[in-house]
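Report on the structure
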Amino acid sequence: MPLLMKEASLAALPPEAALTVSYGEAIVFSATRGQLLTVTDLQGRRPACLFAWTSADPAEFLSPHHTRVFSNSYLLKLGMRLVTNRRRPMLVLGRDSAGRHDLLMPASDDASLAAAGLEGERGCIEAVRAAVGRAGLTPPKWPDPVTLFAAVELETDGRLIVGAAPSRAGDHVTCRVLIDGIFALAACATGIMADEGRGPLAVRVANNL
Amino acid sequence: MIFVDMIVPGGFGRGFSAAAAQFIAIVDLHGRQAGDFAAVRRDDHGEKLSPPHTRRHLRSLFFKLGDNLMSSYGRPMFRVVRDDVGGAHDATVPACDPTRYSVDFGVCGHRNCLENLHEGLAPLGIGILDVPDPFNFFQNGPVTADGRMQLADPKSDPGAMLVLEALMDVECALSPCPQDIIPGNGLAVTDMRVLVTDAPPARE
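Structure report, in brief.

Criteria and cut-off values
- Each residue is numbered by its place in its chain's sequence as written, counting from 1.
- For this description, chains carry letters from A and ligands carry numbers from 1, given in the order in which they are written.
- Per-residue local features are limited, in this predicted model, to residues with pLDDT of at least 70; the limit for side-chain atom pairs, both in listing and counting, is 80 or more; totals at the level of whole chains, interfaces and linings are taken over all residues.
- Residue pairs are scored as contacts if the distance between their C-beta atoms, which are placed from the backbone, is within 7 Å.
- To qualify as a helix, a DSSP run of H or I must reach at least 4 residues; to qualify as a strand, a run of E must reach at least 2; elements of each kind are numbered from the N terminus.
- Under the convention adopted here, Pro, Cys and the residues Ala, Val, Leu, Ile, Met, Phe, Trp and Tyr are nonpolar, Asp, Glu, Lys and Arg are charged, and Gly plus all remaining residues are polar.
- Exposed residues have 12 or fewer other C-beta atoms within 10 Å of their own C-beta, buried residues have 20 or more, and partly exposed residues fall in between, where C-beta atoms are placed from the backbone.
- Any two strands with at least two DSSP-identified bridges between them are counted as paired.
- Comment: axis = line fitted to C-alpha atoms, over the contacting stretch for helices; angle = value between 0 and 180 degrees taken between N-to-C directions.

**Quick look at the interface of chain B and chain A**
In this complex, chain B contributes 23 residues to the contact, which on the side of chain A involves 28 residues. Looking at the side of chain B that touches chain A, the elements that each hand over two or more residues are helix H1 (51-58) and helix H2 (98-105) of chain B. In terms of residue count, H1 of chain B provides more of the side of chain B that touches chain A than any other element does, 4 residues in total. When the residues that make up the side of chain B that touches chain A are grouped by side-chain class, the tally is 10 nonpolar, 7 polar and 6 charged.

**Focus on the pairing of strand S9 (residues 160-166) of chain B**
Residues and elements named next belong to chain B. Extensive coverage of S9 is indicated by the burial of 6 of its 7 residues. Of the strand pairs in this sheet, strand S7 (residues 76-83) and S9 are connected by 5 bridges, and their pairing is antiparallel. Along S9, the bridge assignment pairs Val80 with Leu164.

**Some thoughts on the environment of Val28 of chain A**
All names here are of chain A. Mapping Val28 onto the fold places it in strand S2 (residues 26-31). Among the residues examined, Val28 registers 20 C-beta atoms within 10 Å and is labelled buried. On a C-alpha basis, the gap between Val28 and Gly133 in space is 9.6 Å, while along the polypeptide they are 105 residues apart.

**Brief notes about the sheet that holds S2 of chain A**
Residue and element names in this part refer to chain A. Taken in spatial order, the 4 strands make up an open sheet running S2-S11-S4-S7, and their pairing is antiparallel. What marks the edges here is a single partner per strand, and that holds for S2 and strand S7 (146-148). Geometrically, the sheet is characterised by an average inter-axis angle of 25° between neighbouring strands, direction not taken into account. As paired elements, S2 and strand S11 (residues 181-186) share 6 bridges and run antiparallel to each other. Note that in S11 the partner of Phe29 across the bridge is Phe183.

Function-wise, these values are silent; they only describe arrangement.
In structure tokens:
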């Protein structure tokens, strides 16, 4: 079901997709306005780093920093708009069984994981750049991530308390897509949360719930 | 020895260099003025001063005296050696840009920190998309109990100073923020001063 517009569209519905992301890997996919993007943590305790660029102009990208300012909230909450660096809503968090996500921390890279004692683990940045490259894309900017299923608590004195990976098997979020985009999702170690799972993530791009 | 001593006009931006072991003083000349600050490593502009990497390192939104500010490669880039406002700085708000004014306030054509910082860094060949996310020195944003930023004016008195020791050779830009619509600069945008020296500036 596309968005409920006054003028019904005669165009065919956009293609749907069902994908999985193995631990230590990233995938690239597209989603269009009106579709529903669902990310599921299949086995639990597996954070998911999400990136996106608009299809029309890859210099416009999903920005956790502009998202915080747009809603004046350090925390990603149900109903919030995830906006681009040009302050246009690209996704809206519409369903959320996990309730704990992060808009403040950087993506991991091989070096930060080695420094955290995770020698040999694949960094999120390396995984995403490889996947985006395999897709034949060369975005002009590598943004910071929106990290789903993350335990980063904020105290009123500014302290960031990073806990154990919080999600349970089957936890999922669903976002309505508002701008056609190229998305990347990584299932890599963050290097900051304790007890991270090594299971896969599922991605569903659908026209119906 | 003084390597740089310049006034950056309120609402405009300027670039400057500092070598490792030199000291950068940012002076809020008239008080209550935030200054967006961005930096890249001189030898590799891909290594940028990074608020998210600094947060990950410090496990805090805010830095304290003696803390290191980190690069996007996860390495110490600056050390905080003097702070007259006791850590009341922001490193979470992206630089105000054309859409900050056009989307949020309905004002087109307003001066903004992103383009100001870019003006300071463009002579190095840095494009506007590669302008690093800033540290907003003296911008005061206490955290509320429900996880929001409280809108507030800076705590800085006239002459308030933040001094950083550069830990690598850097190229920097400062933009005394042109925000004159909401709290942040006391609704009056004023000049700041930048000093780069080989010893920390003496207290006055």
